[in-house]
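Coordinate analysis (summary)
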Amino acid sequence: WHLTARQATWEKRFLELLQYRQQHGDCCVPISYQANKKLANWVSTQRKQYNLRRRGQKSGLTDERLERLRAIGFVWNRWEHEFSVKQQQQQQQRHYP
């Protein structure tokens, strides 16, 4: 079994995302992530491919890749994720002043 260069790159970034999650506790890599710009761009591309797929357009996001990303808690919409996190923090502050 042989990976193409594109498949190998996808696997490499996926492993980097797992490392990011281990360090930061989530898979919400900002596009401005200076420590690994290639990972930040890859995450952005995955989100774009997901949106194309949802609209029924051609996408490089295969079923297998989609499931692998879902399984690790990939954040498809960074803004919704950040809003949700802030809401949770506010609720905790109200309960534990």
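Here is what the cut-offs are and how they apply
- Residues numbered from 1 in each chain as written.
- Predicted model: local features only at pLDDT ≥ 70, side-chain atom pairs only at ≥ 80, totals over all residues.
- Heavy atoms only, no water.
- Axes fitted to C-alpha atoms, helices over the stretch in contact; angles between N-to-C directions.
- Helix = DSSP H or I, 4+ residues; strand = E, 2+ residues; numbered from the N terminus.
- Parallel < 35°, antiparallel > 145°, perpendicular 65-115°, else oblique.
- Contact = heavy atoms within 4.5 Å.
- Nonpolar A, V, L, I, M, F, W, Y, C, P; charged D, E, K, R; others polar.
- Salt bridge = Lys/Arg side-chain N within 4 Å of Asp/Glu carboxyl O.
- Buried < 20%, exposed > 50% of the residue type's maximum accessible area, 1.4 Å probe, protein only.

**A few points about the packing of helix H1 (residues 5-24) against helix H2 (residues 37-54)**
The description of two helices packed together rests on the angle between their axes and the distance between the axes. Running from amino to carboxyl end, H1 crosses H2 at an angle of 105°, the nearest separation of the two axes being 10 Å. In terms of axis orientation, H1 runs roughly perpendicular to H2. Each of Trp10, Arg13, Phe14, Glu16, Leu17 and Tyr20 in H1 lies in contact with H2, whose residues at this interface are Lys38, Leu39, Trp42, Val43 and Gln46. When grouped by side-chain class, the residues that make up the contact of H1 with H2 number seven nonpolar, one polar and three charged.

**Topic: the pattern of salt bridges**
Two side chains of opposite charge can pair, provided their charged atoms sit close to one another. Using the criterion set out here, one finds five salt bridges in the structure. Arg68 is the salt-bridge partner of Glu11, the closest N and O atoms lying 2.7 Å from each other. Here Glu11 is found in helix H1, whereas its partner Arg68 is found in helix H3 (residues 63-71), with 57 residues between them in sequence. Among the ionic pairs, Arg68 bridges to Glu64, the shortest N-O distance being 4.0 Å. Pair noted here: Arg68 and Glu64 are both in helix H3, with a separation of four residues, about one helical turn. For Arg68, a relative accessible area of 24% translates into the label partly exposed. In this structure Glu64 comes out as exposed when scored by relative accessible area, which is 55%.

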